[in-house]
Every structure is written in structure tokens, then in C-alpha cells.
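Below, each chain spelled out in residue letters.
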Amino acid sequence: MGINRDAMHKRRASGGKRPKFNKKRKHTLGRQPAMTKLAAPAIHRVRTRGGNSKFRAMSLHSGTYTFGSFNLSKKVRIVDVVYNASSNELLRTKTLVRGAIVEVDSTPFK
């Protein structure tokens, strides 16, 4: 269990360190980011607590986008990742993340 979502590693409001009073637990487990690429769709199933499932998109080529001025949402094809404020590497590898500027196919909005 490497990635953790607990708050025990954070400092107190006064700046002091908190003591470690327990080990890592299964319920504080975090997972690595999916790093979804722009390619043919590939989806992995991830087993979660209670035997439930989540789905990780390894790669996608379409998504639901909203045309704000027309108040219209459609499923459209993603053409390219144009800009990513967080990292140029994410732009070069065409990684789809929240906040990335993407170019979409405009035919559904015509």
C-alpha cells in the first residue's frame, strides 16, 4: 500500500508535526492516476471496497462536451489536445486531464 489519502502526514495548524500512532490502513488507500491518453478506447475495471467496481479510462477518443452559448451538450470526437497549463509533457503525450484544452469535432453542433 504505497499511495495514501490520509491526513496523518500533514502538519498541525500551529506548524507542529503530528505523531504517527498507526500504520497505513486499507481504507486510506489511494491509487495511481489513470493518465488517460487520446487513442482508441481502452477501459480497465478496478475492484474497490465491498467488491464494487470503478472503471479507469486508459484511452479515449470521444467525450460529452457543452456548447455554452447554445446551452447544448453532445457526444463529440476529440481531435487533439491543444494546451495543458500544468505540464508540457501532458500536452506532448496527449494526456486527457481535467482543465486540458482540447480540439473537438464540430459537426454535432452544426
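Let us look at the structure shown here. (Residues numbered from 1 in each chain as written. Predicted model: local features only at pLDDT ≥ 70, side-chain atom pairs only at ≥ 80, totals over all residues. Heavy atoms only, no water.)

## Observations concerning the sheet that holds strand S1 (residues 36-38)
Read across the open sheet, the four strands follow the order S2-S3-S1-S6; overall the sheet is mixed. Looking at the sheet topology across the chains shown, the edges are occupied by strand S2 (42-47) and strand S6 (95-96). Bridge count for S1 against S6 is two bridges, and the pairing is antiparallel. When the sheet's bridge partners are listed, Lys 37 is paired in S6 with Thr 95. (Pairing = 2+ DSSP bridges. Helix = DSSP H or I, 4+ residues; strand = E, 2+ residues; numbered from the N terminus.)

## A look at the sheet that holds strand S7 (residues 101-104)
Read from one edge to the other, the open sheet built from three strands follows the order S4-S5-S7, with strand pairing classed as antiparallel. The strands lining the two open edges of the sheet, one partner per strand, are strand S4 (62-67) and S7. Here the average twist between neighbouring strands, direction ignored, is 65 degrees. For S4 and strand S5 (residues 72-83), the ladder comprises six bridges, and the chain directions are antiparallel. For Thr 66, the partnering residue across the bridge sits in S5 and is Ser 73. (Axes fitted to C-alpha atoms, helices over the stretch in contact; angles between N-to-C directions.)

## A closer look at unusual backbone geometry
A positive phi angle, near 50 degrees, is found at Met 35, a position not held by glycine. Positionally, Met 35 belongs in the segment before S1. On the basis of relative accessibility, which here comes to 37%, the residue Met 35 falls in the partly exposed class. A positive phi angle is found at Lys 94, which is not glycine, with a value near 55 degrees. (Buried < 20%, exposed > 50% of the residue type's maximum accessible area, 1.4 Å probe, protein only.)

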